[in-house]
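# Working through the structure, step by step
So you can see what is in the structure, the chains are spelled out below.
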Amino acid sequence: MLTQAERPVEHPSPPDAPAATGKRPAFHLTRQGRAAHVFLIPWLLGFLLITAVPLFASLYLAFTDYDILNPPEWSGLENFRRMVDDEQFWASVKVTLVYVLVSVPLQLGFALLLALILDRGLSGLAFYRSAFYLPSLLGTSVAIAILWREIFGDAGLINKGLALIGIEGESWLQNPSTALATLIVLNVWTFGSPMVIFLAGLRQIPDELYEAARVDGAGVVRQFAHVTVPLLTPIIFFNLILQTIGAFQTFTQAHIVSGGTGGPANSTLFYTLYVYQQGFVAFDMGYASALAWVLMAAIGAITALHFLVSKYWVFYGDN
Amino acid sequence: MTTTTAAVISSPPPVRQRRIRSALKHTGLLVFVAFMVYPLVWMVVSAFKPADQILTDPGLIPNDLTLDNFKDGWHALNRPFSVFFLNSLLVTLGSIAGNLFSCSLTAYALARLQFRMRKLYFAITLASVMLPFHVLVIPQYIFFSQFDLVNTYWPLLIPKFLATDAFFVFLMVQFIRTLPRELDRAAWIDGAGPFLTFWYVVLPLMRPALVTTTIFTFIWTWNDFFVPLIYLTRTQVFTVPVALNSMVDSETQSGVGMLFAMSLLSLLPILVFFAFAQKYLIRGIATTGLK
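Residues numbered from 1 in each chain as written. Chains lettered and ligands numbered in written order. Predicted model: local features only at pLDDT ≥ 70, side-chain atom pairs only at ≥ 80, totals over all residues. Heavy atoms only, no water.

## Let's talk about the overall build of chain B
As a reminder, the rule being used: Strands are runs of DSSP state E lasting at least two residues, helices are runs of H or I lasting at least four, and both sets are numbered from the N terminus onward. We compute the radius of gyration over the C-alpha atoms and compare it with the globule rule, which gives 2.2 Å times the number of residues raised to the power 0.38. Residue exposure (1.4 Å probe, protein chains only): buried if accessible area is under 20% of the type maximum, exposed if over 50%, otherwise partly exposed. When checking whether two residues touch, look at their non-hydrogen atoms; a contact exists if any pair is within 4.5 Å.
Scanning chain B from N- to C-terminus turns up 15 helices and 0 strands. In summary, chain B has a C-alpha radius of gyration of 25 Å against a globular reference of 19 Å for 291 residues, an excess of more than 25%. Each principal axis of the C-alpha distribution contributes one length, and for chain B these read about 70 × 70 × 35 Å. Counting all 291 residues of chain B, 53% fall into the buried class. Across chain B, every contact between residues at least 6 apart in sequence was considered, and the portion connecting residues at least 24 apart equals 70%.

## A short note on a nonpolar patch on the surface
Short version of the rule: Surface patches are defined over residues having more than 30% relative accessible area and no salt bridge, joining like charges when they lie within 9 Å and nonpolar side chains (Val, Leu, Ile, Met, Phe, Trp, Tyr) when within 5 Å. Residue-level accessible areas treat just the shown protein chains as cover; the underlying method is Shrake-Rupley with a 1.4 Å probe. Should a side-chain nitrogen of Lys or Arg be within 4 Å of a carboxyl oxygen of Asp or Glu, the pair is scored as a salt bridge.
Where nonpolar side chains cluster on the molecular surface, the patch consists of Val38, Ile41, Leu45, Leu48, Leu49 and Val53 of chain A together with Phe143, Phe147 and Phe195 of chain B and spans about 790 Å² of accessible area. In terms of residue count, the dominant contributor to the nonpolar patch is helix H3 (residues 41-61) of chain A (5 residues). Relative to the assigned elements, Ile41 of chain A resides in helix H3. With a relative accessible area of 45%, Ile41 of chain A lands in the partly exposed category.

## Here we look at the UniProt feature "domain: ABC transmembrane type-1" (unreviewed entry) in chain A
Under the convention used in this document: UniProt positions are given in the numbering used here, feature names are shortened, and annotations may be inferred rather than shown by experiment.
Under the UniProt annotation, the feature "domain: ABC transmembrane type-1" (unreviewed entry) is placed at residues 93-306 of chain A. Taken end to end, residues 93-306 of chain A is 75% helix and 0% strand, and its two terminal C-alpha atoms sit 19 Å from one another.

## Digging into the UniProt feature "transmembrane region" (unreviewed entry) in chain B
Residue and element names in this part refer to chain B. Under the present numbering, the feature "transmembrane region" (unreviewed entry) in UniProt falls on residues 28-48, 84-108, 120-144, 156-176, 197-222 and 256-277. What you have in residues 84-108 is 100% helix and 0% strand, and the ends, taken at the C-alpha atoms, are 36 Å apart. Taken end to end, residues 256-277 has its terminal C-alpha atoms 31 Å apart, with 100% of it in helix and 0% in strand.

## Let's talk about the packing of helix H11 (residues 207-215) of chain A against helix H12 (residues 220-248) of chain A
All names here are of chain A. The line we're drawing: For helices, the fitted axis covers only the stretch in contact; all axes are lines through C-alpha atoms, and the angles between them, taken along N-to-C directions, range from 0 to 180 degrees. In what follows, roughly perpendicular refers to angles from 65 to 115 degrees, roughly parallel to angles under 35, roughly antiparallel to angles over 145, and oblique to any angle outside these ranges. By the definition used in this description, the sense in which the near helix is turned from the far one sets the handedness, with an anticlockwise turn below a right angle giving left-handed and a clockwise turn giving right-handed. Under the convention adopted here, Pro, Cys and the residues Ala, Val, Leu, Ile, Met, Phe, Trp and Tyr are nonpolar, Asp, Glu, Lys and Arg are charged, and Gly plus all remaining residues are polar.
Across the interface, H11 lies against H12 with an axial gap of 10 Å and an inter-helix angle of 160°. On the basis of their axis angle, the class for H11 and H12 is roughly antiparallel. In the crossing of H11 with H12, the sense of the turn from one axis to the other is right-handed. Contact with H11, carried on its side by Leu209, Tyr210, Ala213 and Arg214, involves Gln223, Val227, Thr228 and Leu231 of H12 and no other residues of that element. Of the residues belonging to the contact of H11 with H12, the class tally is 5 nonpolar, 2 polar and 1 charged.

## Things to note about unusual backbone geometry
Backbone torsion omega between Gly263 of chain A and Pro264 of chain A reads -5°, so that peptide bond is classified as cis. Among the structural elements, Pro264 of chain A can be located in the loop between helix H13 (252-257) and helix H14 (271-281). A positive phi angle, close to 60°, is found at Asp148 of chain B, a residue other than glycine.

## Section: the interface of chain B and chain A
Definition in use: Two parts placed together each lose some accessible area under a 1.4 Å probe, and adding up what both lose gives the buried area.
Chain B puts 88 residues into the contact, and the matching count from chain A is 93 residues. For the pair chain B and chain A, the summed buried area comes to about 8,400 Å², and 79% of that belongs to carbon and sulfur atoms. Residue contributions to the side of chain B that touches chain A peak at 15 residues, all from helix H15 (residues 255-288) of chain B. When the residues that make up the side of chain B that touches chain A are grouped by side-chain class, the tally is 63 nonpolar, 20 polar and 5 charged.

## Considering the environment of Val37 of chain B
Structurally, Val37 of chain B is set in helix H2 (residues 15-47). Considered as a pair, Val37 of chain B and Tyr141 of chain B are 104 residues apart in the sequence and their alpha carbons are 38 Å apart.

## Here's the deal with the environment of Leu55 of chain B
Residue and element names in this part refer to chain B. Considering the arrangement of structural elements, one finds Leu55 in the loop between helix H3 (51-54) and helix H4 (68-74). Classification of Leu55 as buried rests on a relative accessible area of 13%. Remark: the alpha-carbon pair of Leu55 and Leu229, spanning 174 residues in sequence, is separated by 29 Å.

## Details of the nonpolar core
Put simply, the rule reads: Only buried Ala, Val, Leu, Ile, Met, Phe, Trp, Tyr and Cys residues count toward a nonpolar core, and they belong to the same one when joined by side-chain atoms within 4.5 Å. How far each domain reaches was decided by an automatic or database domain assignment.
Ranked by size, the top nonpolar core spans 181 residues in total, and within it Phe132 and Met195 of chain A together with Phe81 of chain B carry the most contacts. Looking at this core element by element, the count peaks at 15 residues for H15 of chain B. Mapping this core onto the domain boundaries places at least three of its residues in each of domain 1 (2-69) and domain 2 (74-288) of chain B. The contacts of Met195 of chain A, once residues within four sequence positions are left out, are Ala111, Leu114, Ala115, Leu118, Arg129 and Phe132 of chain A.

Below is the structure:
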């Protein structure tokens, strides 16, 4: 504060600042405000045109019947009523929930396990970290989805491998009970990015805590349960939220593996794939908007639930 | 196992025992790495195999090597793949420029300038990080199609120049907050306004945040499938992922080799990028949680 008062005396004022020190703060503020709004022109335009207006437009469209060629027609709750009897809608809800509930815990489990193994002063950390991380980097690409299609295809790598040990493989992708599993495997395969975050979290745990636990006679398991896990809960929580939201929005893999159909028998009809089909294949944009709002509500509710439950299991050091 | 680990904890193990344990650990990890990387290696090898051998022989050592898959795949669609690579490159570089420009301006204003709406704007930015893209995409599509911009790159690029990747704004704000404010003050005293201060003082110091933004914008845009799939329907404007998708649609049994060859090429820029930017990439996700 003192230096601020001294400043105009010692240094020349910025060219357009008034000489009178007393008036300066107010003027200063409006000048910064004007500059700030110039800086913020792109963001303000983007927020308005790319986010806010579309958000309200999509809320409106959710209550209309709209095929993009004719003007939207108000239909009230019809779109939402339609979902109740829409088998494909329920199929997509089920597929997405199963995928989230199975693949996210598995993926995070692998990530944590490998992070723990790599954390204990092992040589070659950089190599392993890169090797495990690479699939995360490529995992959401069309190229890898194509690769997956061939790996689990009738004459693919998996069946060839099974044949070597005398097991007859399956038509993994043609069978409704196994098609989703192949996509779960794909998501688990990309455990590298949460693993890197876990590794960074493990670094933060002070060695003294482990030493103290050792002095108290705690073995590896008890150290893990009473030191590592509690101190890592904020990171586990962070990864859980991130991966859950990501898994809800899975699209590319499902689209490529099923050729855009979500088949066989809707077994890979991810929710976002269904939104895409309704909106951009059938051009039923009113219904697609309603579906999108249900997705947003679901993600919002589940994220809120995560935060509520987190009070009981996430520990932030100081309290 | 439990008895030995307990012993290890209570007193430091003899060197020999430690060596054996470490060797076992490395062996296990290497087997796991091999298992994880096998699909990728299989794709690389298969791309060079004669098309009819790919699915009959899962081994990694090909009998004969051929470049036919690349030659055929390159011309599998009615335009050579070079077109799609150039399209992808254009979109990716444009997106990087857009994000660097718009997000850094926004972040500087939110992190350093004082004005009445600052907190509200920042809250909006944070909230929009959480907003699923699917609720916005339909009106956005209608909006861009009314301006007759479907099948152009504008719908892909305009949002990037308007700071809609809010995560990067947030990342940069957090970064700018770690820079000492005295630097800005000194510049103000020397007569620099907010624009000169931003350009000559803050922007050069933001280098690490800009690098992270560049890396992730590159990877995400290069891999992006959903947005180009929606906006780009004519072959000549396809990006690489959309072109690959369209190859899948017209796939025949002999097409696997071509698909693998082109898929492999589509991953090359990311692999090269990974080789060079690995350090920044790992640091980027470790500190920000970006994938």
